[in-house]
Amino acid sequence: MFKFKLVLGSICILLFGLLMSNMAQAALTTIGTASYNGDEYNLIWSYDEDSGNSVVWLDYTNSYESWADQLDWAAGLGDCLTINLYDGYTVTWDDDEWRLPSAGVNPSVGSASTSAEMIYLYYVELGLTKGWDKEDEVNATIFKNLEITQYWLAEECTIYGTNSAWSFTMYDGTLGYGLPTLNYAAMALRSGKVSVVPVPGSAWLFGIGLLGLTGLRRKKYSNKV
């Protein structure tokens, strides 16, 4: 009996671990919605196992504004969004507020380094390719509100000795920069740890499996008696 309990316990742990692992390894997952200006926009979780980077994107493109205005827009989203997570998801935020995507480590003009958050999203998670005509590819992704345009990023660009800020060129898939007074679009994201628990249906199936194993064991035992 002890041996059976040990085997049953191991199976339980294995099944639960596989369930959680499959959820955690999902590259991009819609975990809920956010109400903003009277409309609903998806919240899309991005998790990179290698770096441990975990962020939640708001699937919304803010219209063209200066760099400073876009920084303010992102930072003020916490007061404007009503977040509705799907069953089974919880988020522990690491950032105090929403923000623009980072330009990454040692950014340079024309770079496609995946340390930049929008470049990682573009090439690795969305699987887009460099080129000018990207509308069909972009529309086929999990994102519904990405635009083929120039997006402001979070950091100033100082390597050229000019008063500039980093940007991401959606149609080119590389980093650029521009004067802060220029009007570019913006997306917002927020770092946070997403916890996933089995939804009731999964838990029910899991329980049925355990009952089945227990029933088989009892039948086997009764036949011996």
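Scroll up to find the structure.
Right, let's walk through the structure included here. As the structure is a computational prediction, the values presented were derived from the model and not from experiment. (Residues numbered from 1 in each chain as written. Predicted model: local features only at pLDDT ≥ 70, side-chain atom pairs only at ≥ 80, totals over all residues. Heavy atoms only, no water.)

Overview of helix 2 (residues 67-75)
Those residues of helix 2 that sit buried are Trp-67, Gln-70, Trp-73 and Ala-74. Projected down its long axis, helix 2 carries its buried residues within an arc of 120°, all on one side. Where the residues of helix 2 are buried, they touch strand 1 (28-36), strand 3 (54-65), strand 6 (150-157), strand 7 (164-169) and strand 9 (184-196). (Buried < 20%, exposed > 50% of the residue type's maximum accessible area, 1.4 Å probe, protein only. Helix = DSSP H or I, 4+ residues; strand = E, 2+ residues; numbered from the N terminus. Arc of directions from axis to C-beta. Contact = heavy atoms within 4.5 Å.)

Describing the packing of aromatic side chains
For the structure shown, the criterion picks out 9 aromatic pairs. Between the aromatic rings of Trp-45 and Tyr-47, the centroid separation amounts to 6.0 Å while the plane-to-plane angle is 35°, which identifies the pairing as tilted. According to the relative accessible area criterion, Trp-45 is buried, its value standing at 3%. Judged by relative accessible area, which is 26%, Tyr-47 ranks as partly exposed. Taken together, the ring pairs connect Tyr-36, Tyr-41, Tyr-60 and Trp-73 into an aromatic cluster. (Phe/Tyr/Trp six-rings, centres within 6.5 Å; stacked < 30°, edge-to-face > 60°.)

Here's the deal with unusual backbone geometry
Unlike most non-glycine residues, Asn-37 shows phi in positive territory, near 55°. Residue position: Asn-37 is located in the loop between strand 1 and strand 2 (39-47). Since its relative accessible area comes to 62%, Asn-37 is described here as exposed. In this structure, Asn-106 is a non-glycine residue whose phi angle is positive, near 45°. Mapping Asn-106 onto the fold places it in the loop between strand 5 (89-93) and helix 3 (117-125). Judged by its relative accessible area of 72%, Asn-106 falls in the exposed class.

Some details on helix 3
In terms of burial, helix 3 is largely enclosed, as 7 of its 9 residues are buried. Inspection of helix 3 places Glu-117, Met-118, Ile-119, Tyr-120, Leu-121, Tyr-122 and Glu-125 among the buried residues, and these make up the whole buried set. The positive-phi residue at the C-terminal boundary of helix 3 is Gly-127, with phi of around 65°.

Focus: a nonpolar patch on the surface
A cluster of nonpolar side chains, contributed by Val-109, Ile-159, Tyr-160 and Tyr-177, occupies part of the molecular surface with about 380 Å² of accessible area. With relative accessibility at 41%, the residue Val-109 sits in the partly exposed group. (Patch = residues over 30% accessible without salt bridge, like charges linked within 9 Å, V, L, I, M, F, W, Y side chains within 5 Å. Areas by Shrake-Rupley, 256 points an atom, 1.4 Å probe, with all protein chains shown as cover. Salt bridge = Lys/Arg side-chain N within 4 Å of Asp/Glu carboxyl O.)

Comments concerning the pairing of strand 2
Looking along a regular strand, one sees side chains alternate from face to face of the sheet. Bridge count for strand 1 against strand 2 is 8 bridges, and the pairing is antiparallel. Bridged to Thr-29 within strand 2 is Trp-45. Counted between consecutive antiparallel strands, the loop separating strand 1 from strand 2 contains 2 residues, among which Asn-37 sits at a positive phi close to 55°. The pairing of strand 2 with strand 3 spans 5 bridges and is classified as antiparallel. Across the sheet, the residue bridging to Trp-45 is Val-56, located in strand 3. Counting the residues that bridge the hairpin from strand 2 to strand 3 gives 6 residues, and of these Gly-52 lies at a positive phi of roughly 80°. (Pairing = 2+ DSSP bridges.)

Let's talk about the environment of Val-55
Along the polypeptide, Val-55 turns up in strand 3. A C-alpha to C-alpha distance of 5.9 Å links Val-55 and Trp-45, two positions 10 residues apart in sequence. Residues contacting Val-55, with those up to four places away along its chain left out, are Ile-44, Trp-45, Ser-46, Arg-99, Glu-117, Leu-189, Arg-190, Ser-191 and Gly-192.

Brief notes about the nonpolar core
Judged by nonpolar contacts, the single largest core of 25 residues is most densely connected at Trp-57, Met-118, Phe-143, Leu-146 and Met-170. Put simply, the parts of the chain that give this core at least two residues each are strand 3, helix 3, strand 6, strand 7 and strand 9. Ranked by residue count, the leading element in this core is helix 3, at 4 residues. In this structure, Trp-67, Trp-73, Trp-152 and Val-196 belong to the second largest nonpolar core, which totals 24 residues. (Core = buried A, V, L, I, M, F, W, Y, C linked by side-chain atoms within 4.5 Å.)

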